[in-house]
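Structural characterization, general
In case you want the letters, here they are:
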Amino acid sequence: MRTQIRIVAGSLRGRKLSCTVNVNLRPTPQRVREALFSILGNAVPDRPFLDVFAGTGVVGLEALSRGASSLTFVERDFRLIADLERHIRAFDVGDRANIARIDVYRWIERWRAPDEPVTVFLSPPFADYERRLDDLLNVVTLMQEKVQPGSVIVLQSERTAALDELPARVEWDERRYGRNVLLIWVKETT
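Residues numbered from 1 in each chain as written. Predicted model: local features only at pLDDT ≥ 70, side-chain atom pairs only at ≥ 80, totals over all residues. Heavy atoms only, no water.

**Quick notes on the pattern of salt bridges**
Within this structure, the stated rule accounts for 11 salt bridges. The partner of Arg76 in a salt bridge is Asp103, with the nearest N and O atoms 2.9 Å apart. Of this pair, Arg76 sits in the loop between strand 4 (70-75) and helix 3 (78-90) while Asp103 sits in the loop between strand 5 (97-101) and helix 4 (104-110), and the two are 27 residues apart along the sequence. A relative accessible area of 58% places Arg76 in the exposed class. Overall, the relative accessible area of 13% leaves Asp103 in the buried class. We note a salt bridge from Arg86 to Asp83, for which the minimum N-O separation is 2.7 Å. With Arg86 and Asp83 both in helix 3 and three residues apart, the pair spans about one turn of that helix. Judged by its relative accessible area of 13%, Asp83 is buried. Sharing partners across several salt bridges, the network here consists of Arg33, Glu62 and Arg66. (Salt bridge = Lys/Arg side-chain N within 4 Å of Asp/Glu carboxyl O. Helix = DSSP H or I, 4+ residues; strand = E, 2+ residues; numbered from the N terminus. Buried < 20%, exposed > 50% of the residue type's maximum accessible area, 1.4 Å probe, protein only.)

Right, dumping it as C-alpha cells:
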C-alpha cells in the first residue's frame, strides 16, 4: 500500500515522502517523531545525523530539515534505497545526505565515527529483537564504544521487545508512545 508521510518541521516542513508500507516497513509515526525531536532538541542542529535501518528515511530527512549538518542513511533493501535516492533528489539535499548501501550488521564493524558528537537513530525491524537480538546488541555496543562524548543514540522498538539486555541499560531513558518505545542514551564526557 502506497502512503505519504509528511515532514513536520524545519526547512523541509510540509514536504511529503511517498513509500510502500508493508509488515516489514513501519514508518515512525508523526507523533513519535515530534516527541523524538522535542527530546533531542540541540542534539540535532549542526551535527551529523545517522538514520540506521533507514527504511523510509523520514527520521533522517526530518533531522536534516531541522538543521543536522549531514545525514547518513544505512539501508540494504534496494527498493528502499531507490526511494531514498528519489527523496534526496526531490528535496535537493544531495550535498548533505548520503546512503551506505549495506547490511547494518556488517556496516557497524567497519564504521568509523566522526571526531565530533553525532546523533544516531536506530530503528531495526521489530523481528530482529527476536531473531537477531545478539547481533542487534552488538551493533548498539559497538556504536556506544565508537561515538564521541556528547553523542546521542536513540533506539526505537516495540513495547514487547527484549530490552533488558541493552548495554548499560540503566543509562537509557525510556519513553513510550502507544506500541512504540524510544530509548535514549547519551555518551557522557570524561
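**Regarding the side chain of Thr119**
Tracing the backbone shows Thr119 in strand 6 (residues 119-122). Only 3.3 Å separates the side chain of Thr119 from the side chain of Arg47, close enough to count as a polar contact. Filtering out sequence-adjacent residues up to four positions away, Thr119 remains in contact with Leu40, Ala43, Val44, Arg47, Pro48, Phe49, Leu50 and Val152. (Polar contact = N/O pair within 3.5 Å; in protein donor to acceptor, adjacent residues only side chain to side chain. Contact = heavy atoms within 4.5 Å.)

**Structural notes on the side chain of Gln144**
Along the chain, the position of Gln144 falls in helix 6 (residues 133-146). Using a relative accessible area of 8% as the deciding quantity, one classes Gln144 as buried. Contact partners of Gln144, with chain neighbours within four places excluded, come to Ile153, Pro167, Ala168, Trp172, Trp185 and Lys187.

**A short note on the sheet that holds strand 3 (residues 48-52)**
In space, the seven strands of this open sheet follow the order 5-4-3-6-7-9-8, with mixed pairing throughout. The strands lining the two open edges of the sheet, one partner per strand, are strand 5 and strand 8 (173-177). Averaged over all pairs of adjacent strands, the angle between strand axes in this sheet comes to 15°, irrespective of strand direction. In this sheet, strand 6 lies alongside strand 3 in parallel orientation, the contact comprising four bridges. Residue pairing in the sheet places Leu50 in a bridge with Val120 of strand 6. (Pairing = 2+ DSSP bridges. Axes fitted to C-alpha atoms, helices over the stretch in contact; angles between N-to-C directions.)

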